[in-house]
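# Fold and contact review
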Amino acid sequence: MTQSAQAARDHATSVGAAALPADAVDFSSEESLDELRSLATSAGAEIAGELSQRKDRPDPATLIGQGKLQEIAGAAASVAADLILFDHDLSPSQQRNMERVVKARVIDRTQLILDIFARHARTREGQLQVELAQLEYMLPRLAGRGVEMSQLGGGIGTRGPGETQLETDRRRIYRRIRHVKQQIENVRRIRAQQRQRRESVPVATVALVGYTNAGKSTLFNALTKANVVASPRMFATLDPTIRGAELPSKRKVLFSDTVGFIRHLPHTLVSAFRATLEEVQRATLILQVSDASSPISAEQDAQVESVLKELEADKKPRLRVMNKIDLLPPKQRESLRDTDLRDKDATIHVSAAKGIGLSTLLDRIDAVLEADRPARVLLRIPQKEGKTLAQLQAGARIYSRQYLDGVVVMEAEAPASLLRRMREWVVE
Ligand SMILES: Nc1nc2c(ncn2[C@@H]2O[C@H](COP(=O)(O)OP(=O)(O)OP(=O)(O)O)[C@@H](O)[C@H]2O)c(=O)[nH]1
Ligand SMILES: [Mg+2]
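Within each chain, residue numbers correspond to sequence positions counted from 1 in written order. Throughout, the order in which chains and ligands are written sets their labels, letters from A for the former and numbers from 1 for the latter. Totals for whole chains, interfaces and linings use every residue, but because this is a predicted model, local features are given only for residues with pLDDT of at least 70 and side-chain atom pairs only at 80 or more, for both listing and counting. Side-chain descriptors were evaluated using all non-hydrogen atoms of the structure, hydrogens and water having been removed beforehand.

Now for the packing of aromatic side chains. Stacked, edge-to-face and tilted labels apply to pairs of Phe, Tyr and Trp rings (six-membered ring for Trp) whose centres lie within 6.5 Å, assigned for plane angles under 30 degrees, over 60, and everything in between, in that order. Throughout the structure, instances matching the rule amount to 1 aromatic pair. Taking the centre distance of 4.7 Å and the plane angle of 50° together, the rings of Phe117 and Phe235 count as tilted. Here Phe117 is found in helix H5 (residues 109-120), whereas its partner Phe235 is found in the loop between helix H9 (216-224) and strand E6 (241-246), with 118 residues between them in sequence. Here the two residues Phe117 and Phe235 agree in accessibility, since each one is buried. Should the NZ of a Lys or the CZ of an Arg lie within 6 Å of a ring centre and within 35 degrees of the ring normal, that charge is described as sitting over the ring. We note Arg376 situated over the ring of Tyr399; from NZ or CZ to the ring centre the distance is 3.6 Å. Only DSSP runs of H or I with at least four residues qualify as helices, and only runs of E with at least two residues qualify as strands; both kinds are numbered from the N terminus onward. Here's how the labels work: a residue is buried when its accessible area is under 20% of the maximum for its type, exposed when over 50%, partly exposed in between, all with a 1.4 Å probe on protein chains only.

What follows is about the coordination of the magnesium ion (ligand 2). Coordination of the magnesium ion (ligand 2) by the protein comes from Ser217 (OG) and Thr237 (OG1), over a distance range of 1.9 to 2.1 Å. Of this pair, Ser217 sits in helix H9 while Thr237 sits in the loop between H9 and E6, and the two are 20 residues apart along the sequence. Across this residue pair, the class does not change: Ser217 and Thr237 are buried. Sites may look incomplete because water is not among the atoms; the donors themselves are N, O and S atoms within 2.8 Å of the metal, or within 3.2 Å for Na, K and Ca.

Let us now look at the pattern of salt bridges. Any Lys or Arg side-chain nitrogen located within 4 Å of an Asp or Glu carboxyl oxygen qualifies as a salt bridge. Going through the model one piece at a time under the given rule, you end up with 21 salt bridges. Between Lys354 and Asp326 there is a salt bridge; the shortest N-O distance is 3.7 Å. Linking Lys354 in the loop between strand E10 (347-349) and helix H14 (358-371) with Asp326 in the loop between strand E9 (318-323) and helix H13 (330-334), this pair joins segments that are 28 residues apart in sequence. By relative accessible area, which is 24% here, Asp326 ends up partly exposed. One network of salt bridges, in which partners are shared, links Glu35, Asp87, Arg109 and Arg263.

On to the site of ligand 1. Definition of nearness: a residue and a molecule or strand are near each other if at least one heavy atom of the residue lies within 4 Å of the molecule or strand. Not every one of the 23 residues close to ligand 1 is listed here, only the nearest: Lys216, Thr218, Ala236, Thr237 and Asp326. At a separation of 3.0 Å, an oxygen atom of ligand 1 approaches a polar side-chain atom of Lys324. Per-element accounting of the shell around ligand 1 gives the leading share, 3 residues, to H9. Asp, Glu, Lys and Arg are counted as charged, while Ala, Val, Leu, Ile, Met, Phe, Trp, Tyr, Cys and Pro are counted as nonpolar; the rest, among them Gly, fall into the polar class. Its residues assigned to classes, the shell around ligand 1 shows 9 nonpolar, 10 polar and 4 charged. Pairs of N or O atoms within 3.5 Å make up the polar contacts considered here, provided that, within protein, one atom can donate a hydrogen while the other can accept it, and that residues adjacent in sequence are counted only when both atoms are side-chain atoms.

Adjacent strands of a sheet pair through backbone hydrogen bonds, lying either parallel or antiparallel. The sheet built from 6 strands is open, its strands ordered E6-E7-E5-E8-E9-E10 with mixed pairing. Looking at the sheet topology across the chains shown, the edges are occupied by E6 and E10. Neighbouring strand axes in the sheet, compared pairwise and without regard to direction, differ in orientation by 25° on average. In this description, strands pair whenever DSSP reports at least two bridges between them. Pairing between strand E5 (residues 204-210) and strand E7 (residues 252-257): 5 bridges, direction parallel. Bridge pairing links Ala204 to Val253 in E7. The axes used here are C-alpha line fits, helices contributing only the stretch in contact, and every angle between their N-to-C directions lies in the interval 0 to 180 degrees.

Worth remembering: the numbers are spatial, not functional.
See below:
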């Protein structure tokens, strides 16, 4: 099965989407379905119809009720849809049972996201990370699936990791996972070396983070005059890009653009993309980019917050950038006020596409970095303070390290914001 054959087929695919909000706590089912629609289009699907059902107690065998399932089967047949997308996690057996009834391929949101990632991975590292996520997703789903999978042909959600897809032998998959992990480890090592080289000339790094499609790459291009791909498709960026720029004060900084976040991000993806997200963990300053024109930007921000927390990057100096203000009605736009840096949530309003507010943003970045100058200090940290040591490891340059009676004595250079958090261990 070749990539181009899959692409041609995907293009012709019609999709019936049945939505059941998995975590309707903050995203309404409508918003959730909107997002599923964008994801489907980003994967190259054409949407042929949508159905939704609220159900307090999901059916363990088929998730939705028999009646609804028949309804989907009928609707799918009438529009010749060959793929049904569910906005809900499906167990392997639910997926199988439903496929039997609807006579079309059934995939869930996680599989759809994995598929988009597989399409967009350009670098070796990105491809390896996606393959790892796919293998780990596939592993519990192997049982009884072998024959069917080999008969599926191309299409969304079948873009498995090459030949491995057809090898139902668990052991071979385990072996492949080990191999891919090793390869990722190699890439990581190279990346760490590159970083070390970069950091030997101390330059602050500014990482752009945010929900997928918030406009990170557009802003990155505007700030660094680079030319990375920006696109209305979700997850256009997978591979981190780093580029230098000069701030108004003539201070040199490195900006890094990375993969976007999404609600309910498949866990296999978060862990597979750890190496990529290290750029965020090491950043001096985080620019949290939000789409000001999105009706659900607050919910999206909450999701970003939780991923930052998971990466232990939520305490880093941060500037909030509300992007796409050109899309807001004039009245609303006039009422926007950038907030002061002294605020906990300093916010700047910009339009990366129209070049509005960028000089203010650059000034603010300059000011934050000025206030967060690194200082060289001597620290005495009890060895049991693992978290503190890890924070230093991630955010400081360490010049020397000695172990004495359960205490680590270190000479390190770290930004003021980090040192404030370890005041009790600073000796001089
Ligand atoms: N109107 C308007 N559109 C914008 C602005 N900034 C970005 N966009 C559009 O928003 C879409 C997404 O932009 P990207 O820069 O690719 O977003 P991203 O955050 O990098 O997305 P991923 O890499 O997919 O996570 C593109 O179609 C951009 O042209 C803006 O200021 N105004
Ligand atoms: Mg991008």
